[in-house]
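# Tertiary structure, described
Residues per chain are reported as follows:
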Amino acid sequence: MTEFKGVDDVHERSSNDEGSNYNNFAICAAGLMAILEETQTLSVAKALLVMPIIMHDSTVRHLGKQNVRAREVSALTSTRPDLFLNFNSRFLAGLTPTLNAIQLLAEAKYIAFNGELVLAKTLTFSVAIGDRAMRIKKAAKNIAALLASPEGELYLNLRIEL
């Protein structure tokens, strides 16, 4: 089994998270794998929403808490609007790394692609993969619950401008 090596170490974190090397395709690949291990399949439209969620540390911390229950996106955006204030900007910044991550995962045979992403094999999450990836893995169940809503509802509630 192939393992990714320390996605935290692929690039050093810059002081500006948005659009920085801290938010690279390796961390996106780890995030996509964590979500796919919960859902088994993911449409491309929903996969494009993973990076803007995981690139925001406050959102990942919130969704990774033990006492946070899984919610639909409409409930979370109404109770915690602060987590989604700049979501459209994060969405746009995450498009390229997400597409690169999908290509990497397909080439490495972690996913199959038949119009949607399908989990082909699991990724081993351990301390060696990095603290940030482990925090994302911890939040994956709640992120998957957010993404369970229909695509149109997700894009509307997250105020994505296409």
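Residues numbered from 1 in each chain as written. Predicted model: local features only at pLDDT ≥ 70, side-chain atom pairs only at ≥ 80, totals over all residues. Heavy atoms only, no water.

Another point: the packing of helix H1 (residues 25-39) against helix H7 (residues 131-146). Direction vectors running N to C along H1 and H7 enclose 40°, while the axes themselves pass 8 Å from each other. As judged from the angle between their axes, H1 and H7 are oblique. Considering only the axes of H1 and H7, their crossing is right-handed. Along the contact surface, H1 presents Ile 27, Ala 30, Gly 31, Ala 34, Ile 35, Glu 37, Glu 38 and Thr 39, while H7 presents Arg 132, Ala 133, Ile 136, Lys 137, Ala 140, Lys 141, Ile 143 and Ala 144. Of the residues that constitute the contact of H1 with H7, the class distribution is nine nonpolar, two polar and five charged. (Axes fitted to C-alpha atoms, helices over the stretch in contact; angles between N-to-C directions. Helix = DSSP H or I, 4+ residues; strand = E, 2+ residues; numbered from the N terminus. Parallel < 35°, antiparallel > 145°, perpendicular 65-115°, else oblique. Left-handed = near helix turned anticlockwise from the far one by under 90°. Contact = heavy atoms within 4.5 Å. Nonpolar A, V, L, I, M, F, W, Y, C, P; charged D, E, K, R; others polar.)

Moving on, we get to helix H6 (residues 87-107). Over its 21 residues, H6 runs 29 Å from end to end, which matches the ideal 30 Å to within 8%, given 1.5 Å per residue. Gly 94 marks the point of greatest bend in H6, at about 40°, and the proline Pro 97 comes within the next four residues. Residues Phe 87, Asn 88, Arg 90, Phe 91, Gly 94, Pro 97, Thr 98, Ala 101, Ile 102 and Leu 105 constitute the buried set of H6. Immediately beyond the C-terminal end of H6, within one or two residues, lies Lys 109, with a positive phi of roughly 65°. (Expected span 1.5 Å × (residues − 1). Bend = angle between axes of the 7 residues up to and from the residue. Buried < 20%, exposed > 50% of the residue type's maximum accessible area, 1.4 Å probe, protein only.)

What is shown is where atoms sit, not what they do.
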